[in-house]
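These are the residues of each chain, in order.
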Amino acid sequence: MLAYVAKRLALAVGTVLSAVVIVFLLVHASDTTPGAVRAGAGATAEQVAAENEALGWNRPLWVQFTDYVGQLVQGDLGTSLVDGRDIAADMADRLPVTASIALFATLLSGLVGVFLGVTAAVRGGRLGRLITTGSGVALSLPAFWVGILFVYLLSLQLGWFPATGYTEFSSDPLGWATSIAIPVLTLAVGGAAIIARTAAAGMREALTQEHIRTLRAMGTPRWRIRYVHALRYASVPVVSTLGIQFIALFGGSVIIENLFALPGLGQASQVAASSSDFPALVGVVVVATVVVVVTNLLLDLVVAALDPKVRTP
Amino acid sequence: MTTAPAGATALSATVRVPALEIRDLVVRYGSGRKARQAPPAIDRVSFDIAPGETVGLVGESGSGKSTIGKAVLGLQPPTSGTVKLHGQDITAMSLKQRSRLVADLRVVFQDPYSSLNPARTIGQTLVEPLRLMGVKGPEALQKARAGLESVGLPADAVDRYPSQFSGGQRQRIAIARALVCDPKVVVLDEPVSALDLSTQAQVLNLLADLRDQRGLAFLFIAHDLGVVRFLSQRTVVLYRGQVMETGPVEAVSRAPRHPYTVALTAAAPVPRPAEQAARRAAREAAGFGTAGAAAPSATGCPFVPRCPLATDVCVTERPPLRLVEGTEAACHHAERVPAL
Amino acid sequence: MSVLPLDAADEVATEPVPPARRRRGLPGFLRRPGGVFGAAWLTFVIVASLTASLWRPFEPGQQDTANRLALPSAEHWLGTDPLGRDLLSRIFSAGSLPLLSSALMLVVAFGIGLPLALIAAERGRRVERVISRVTEVFLALPATILLLALIGVIGNRLYPVMAVLGVLISAAVYRVLLGVAQSVRQRLYVDAARVNGLGSLRVNLVHVLPSMATVVAVQAAQLFGIGLLIVAGLAFLGFGPGEPEPSWGFMIQDASGYIYTSPWLMVPTGLVLALTVVAANELADALAGKAAAARGTGRRRRPLRRAVAAAAVPAGAPADPAAVLEVRDLTVSVDDGPDLVTGVSFSLRKGEVLGLVGESGCGKTMTARSLMGLLPDGVSVTGGSIRWRGRELAGLSEAEIDRVRGREIAMISQEPMVALDPMFSIATQLVGPIRRFRGVGRSEAKRIAAELLRNVGIVDAQRVLKSYPHQLSGGMAQRVCIALALTGEPELLVADEPTTALDVTVQAEILSLLRALVRDTGLSVVIVSHDLGVVADICDSVAVMYAGEVVEAGTAAAVLDEPAHPYTMALLGANPHVPEGEPVPERLASIAGTVPPPGSWPTGCRFATRCRFVQEKCTVPFPVLPAHGEGSVLCTRVDELSREHAVWEPEHAGDEIASPLAPPAPVAGVSS
């Protein structure tokens, strides 16, 4: 068990490191230099060179890399080339925004998706077909388009939620809730569709298993067969998919945050990408990779708790 | 056995070069420390097959009988030991090298459903080995048709797909594929276990006919002593990767000298109620231990935890194969083994 | 722009379809409405986009200032944008970039993922582990944000960006395809080809890849949809071709600014994009055959016509007063299809063990399962009666028969390793039914569970209680299944090939256990087996089944020692076990041909086509005759055969080769 945990941790650290290496190489392969970004448009070549010298850009690559990793271990992600703000602090402000949206969207897709999927598998017939077809369409819809539709319906037509903007939880909890409602709903549409399909497929498979026939032969009540035994069997793929969903929604936040003007990580990466703010770019990639790696670790633990075959020898 | 070629070759087996010679074969699965500590899947197994002879390899699941077949065919590289075909060492040969040098070693697998590629016609399946031997075009097709007829199928089956045939017919096709290149040695890996009784009898008869007609040597892998007894001249009884007993099939079947062989033989039910009741009483009286109850000791005989005759020496010392009344048994107490 | 899980592959049948079947009509996926729609719309969008410059009514940049934000009209079919540009022309002029760059992503993803999967599947564990570790790292990288970083560095160059995305996604492709490749490589025809000496490349090309084609197609269609969404998403963020070049994502972004005044602007672009992605996914589903799964299980629906028969036990049928189970003229049929079992009758006394014996496809399992109302979907009892201790079981509702299951009749099945729920411990699986059946508390139920396990010969009951099914051996699992069946203290046990999957020494132990249970508790047992040895070992009486009917019945001793029906004779002759003191036969007795599938049974004697003693009169219907005392035989020539001392002789050496079989008949898929 200990060896297993150690192996997973090593892989996690390795993943973060490879992400750093990849962005590092990317940044250094670029035509633009950080000096040019900092010096701004219209700067002379001398000014750019001076800035680069000051940033240590001309040192050997591996020195810069070890320097960066050394800072990273201490939680220092450097400062922005554009406005000089501390990137670690900026990330710490932005992470809760993205994380809460991704988390609530995952939870909502889990609830709705499992309900729809189990209904489709258990009831079958016309309702089952409707759910299958509906989820097939729903998972294909572009999130930004769905988001605009929701804004049109829920904000402009019905006036339930604000169309854009973000309210701090600490300043106004209710305002916070309404400000993330449409983003969460938007992300949950595709998520719920995927979970519904996974849950339906898992339940269908579970209900054809031999051990279900044993349970039927024992006169086990139908609800028990479905919602204790079959659902438990289907839970492993559903939970795995939920984990993947969380990661995907985290990545998908870029568009949603742009659409709803939310100050999250996605917005930061978009801004950093369009302004070639290299330290900010590396910072976002590092934080996002850490989130993915941690999610995967948690997911492994949950799957092990659910599936005795993983848990026991 | 009363068939002529079999009797003749059994006699001359000692002077002629064996068709297949297996010496001290060891197979370990996996790598790393854990794998090295675990008992090997195949533990120092040796036996010969004379030209035209059929040797039955019997054992229950986990005995390693199929692993030996795979090692002989080159599908599973052995950890140590040698496999010789007609005196030529093929142990380390790649499958590609084998195809050129030793075209006369072929195989029939257990499952007639997954052993034929469903997307290819019977003709394509049969021509494939021929093409690799350099037989091409109409000549290869002609051989494929003849091959089908020789296993009792119509020649026009070449244009059909496996899904159009029943299990027994597919097994005939698999046999035709094995024989189309005129091999001398065929590994039969449980060729009838997946078949119904009446089909099983057809295929066993077919194998016996082909063997007699072509003087084939078979390595016949099976879990059923009765089936092995029907087709083989000699038998090798395996338990947990080790040879427990080996000898002429009639001697091993009628008067086994190893407690495991006794247990295996006694457990196979016969379709005569009165005789079966007597066998059952004898088996229950013998007091064999429950299968898989305890792990055997690493140094001694693997059958110790189930053996009613086991003593201290059996735990500490692995018994060598030795000649006891017409069969070779790996048992310290072979003389005390009760009659069936 | 979430990266969807590649879920379809799990359900794809990887069995390649014989080309003959493919040629017969449309490809399978085009027979589903989703597949037709998907293929048609994708073809339309691709053709219309690539040829847009030839047919578009306006140049994409041409502004019609008089007609800004127009609704659809004869001139502008889909309306115009805020600058008065024609939407139709712009949408399809914008199409080729996302389509082509997604295609590029696909080529890169499969170009890397597929060869890696094939190599990993071929080269074994060590290579596979190295590749898998690397792909795990790739999978954990946040693809979207990394893409933005890439754009930040190299600028808005869509093709290189999508190629890099292809590299990232190749890890997911590898993961899915590896599982498929490994399972295909396990097929024996791959081994057979390797033994033939086929080279590695050709083995992969000829035998492995074709079997993966469906999964590859499904994955490709799904990924194509994802690619389109990502390209559109990037353009939406402003990382697409800049104005005035049209792009789907930017057009939607543009529309979002006019949502208050001109909501219509959202519709055409969004719809084309959404439909294209839906089409790709529908195509993937159709390829995967998933639409079939959506038929719904409906497994609990009981056909009404099943509630037939009952009451009318045929007059003259000798009702055995001592019988606990009395089956009369049982008929089991596929709904709107052929009969699987016809006119089966037998009875069973308390403490008696009855064997149903025959080859596969003879209906013995269907007969056994109908006793518990556990027939597969679409199969039901359509006639006759099943009288259990005076009560009629045929035609009971699911709720009614649920009260019989487990309490009065229990069942053990052929595959003990999968008959137990893999997700729960043995203790949990035993305690539930014990509490339900015996109305005891949890701790008492646990005690009873341990006792039951000891009763079925499990010494270390406490350890087994804590175990999960995958930790048990086959023999141990079957003992647990028997203990589970005993939790409700049933009076009848239906055992469907209970020892077929077990080793012969384990089989002997399980049979001894069953015999002890019968002796000690007076349990009655119906045991289904294809093994006459098992029948001889444990059964008091036996019913030999052939093609859906009982051809011979009687005590085990009478039927096996003095078989009256040619089929029974043949089965005994085909058995390679040699009776004591007799020589090993040179050849076995065999039966030519195979069991005819349901629906193509001959009239008269169903065995007639394969019987060596067949005569003209065998082809007309005839009645069941009494035999073996209380038994029966279904052979019109039984007396003549008995007088002639007919024996089903073994073949002669060389017969198999000399007489080619009749041309092979197509095999139907129904089996018992």
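Residues numbered from 1 in each chain as written. Chains lettered and ligands numbered in written order. Predicted model: local features only at pLDDT ≥ 70, side-chain atom pairs only at ≥ 80, totals over all residues. Heavy atoms only, no water.

*Asks:* Describe the packing of helix 5 (residues 122–132) of chain B against helix 7 (residues 167–179) of chain B, naming the residues involved and giving the relevant values.
*Replies:* Residue and element names in this part refer to chain B. Contact geometry of helix 5 with helix 7 gives a least axis separation of 8 Å together with a crossing angle of 25 degrees. Classified by the interaxial angle, the pair formed by helix 5 and helix 7 is roughly parallel. Judged by the sense of rotation from one axis to the other, the crossing of helix 5 with helix 7 is right-handed. Contacts between helix 5 and helix 7 involve Ile122, Thr125, Leu126 and Pro129 from the first element and Ile173, Ala176 and Arg177 from the second. By residue class, the composition of the contact of helix 5 with helix 7 is five nonpolar, one polar and one charged. (Axes fitted to C-alpha atoms, helices over the stretch in contact; angles between N-to-C directions. Helix = DSSP H or I, 4+ residues; strand = E, 2+ residues; numbered from the N terminus. Parallel < 35°, antiparallel > 145°, perpendicular 65-115°, else oblique. Left-handed = near helix turned anticlockwise from the far one by under 90°. Contact = heavy atoms within 4.5 Å. Nonpolar A, V, L, I, M, F, W, Y, C, P; charged D, E, K, R; others polar.)

*Asks:* Please give an account of the packing of helix 5 (residues 87–123) of chain A against helix 10 (residues 222–260) of chain A that cites residues and values.
*Replies:* Residue and element names in this part refer to chain A. Where helix 5 contacts helix 10, the axes come no closer than 8 Å and their chain directions differ by 145 degrees. The interaxial crossing formed by helix 5 with helix 10 has right-handed handedness. Contacts from Leu95, Thr98, Ala99, Ala102, Leu103, Ala105, Thr106, Gly110, Val114, Val118 and Val122 in helix 5 reach Arg226, Tyr227, Leu231, Val238, Leu242, Phe246, Leu249, Phe250, Ser253 and Glu257 in helix 10. When grouped by side-chain class, the residues that make up the contact of helix 5 with helix 10 number 15 nonpolar, four polar and two charged.

*Asks:* Can you tell me about the UniProt feature "transmembrane region" (unreviewed entry) in chain A, naming the residues and giving the values?
*Replies:* Sites flagged by UniProt as "transmembrane region" (unreviewed entry) map to residues 101–122, 134–154, 174–196, 233–260 and 280–306 of chain A. For residues 280–306 of chain A, helix accounts for 100% and strand for 0%, while the C-alpha atoms at its two ends are 39 Å apart. (UniProt positions renumbered as here; feature names shortened; annotations may be inferred.)

*Asks:* Hey, could you go over the pattern of salt bridges for me, with residue numbers and the actual values?
*Replies:* All names here are of chain B. Evaluation of the coordinates by the stated rule reveals 52 salt bridges over all chains. Where Arg322 meets Glu335, a salt bridge forms, and the shortest distance between an N and an O atom there is 3.0 Å. You can see Arg322 sitting in strand 11 (residues 322–324) and its partner Glu335 sitting in the segment after strand 12 (327–329), a full 13 residues away along the chain. The partly exposed category is assigned to Glu335, whose relative accessible area is 48%. (Salt bridge = Lys/Arg side-chain N within 4 Å of Asp/Glu carboxyl O. Buried < 20%, exposed > 50% of the residue type's maximum accessible area, 1.4 Å probe, protein only.)

*Asks:* Please give an account of the sheet that holds strand 7 (residues 185–189) of chain B that cites residues and values.
*Replies:* All names here are of chain B. Read from one edge to the other, the open sheet built from eight strands follows the order 6-7-8-3-9-10-12-11, with strand pairing classed as mixed. For this open sheet the edge positions go to strand 6 (105–108) and strand 11, each flanked by a neighbour on one side alone. Averaged over all pairs of adjacent strands, the angle between their axes in this sheet comes to 20 degrees, without regard to strand direction. Set on the sheet, helix 11 (residues 259–267) makes contact with strand 3 (54–58), strand 9 (234–239) and strand 10 (242–248); between it and strand 9 the angle comes to about 100 degrees. (Pairing = 2+ DSSP bridges.)

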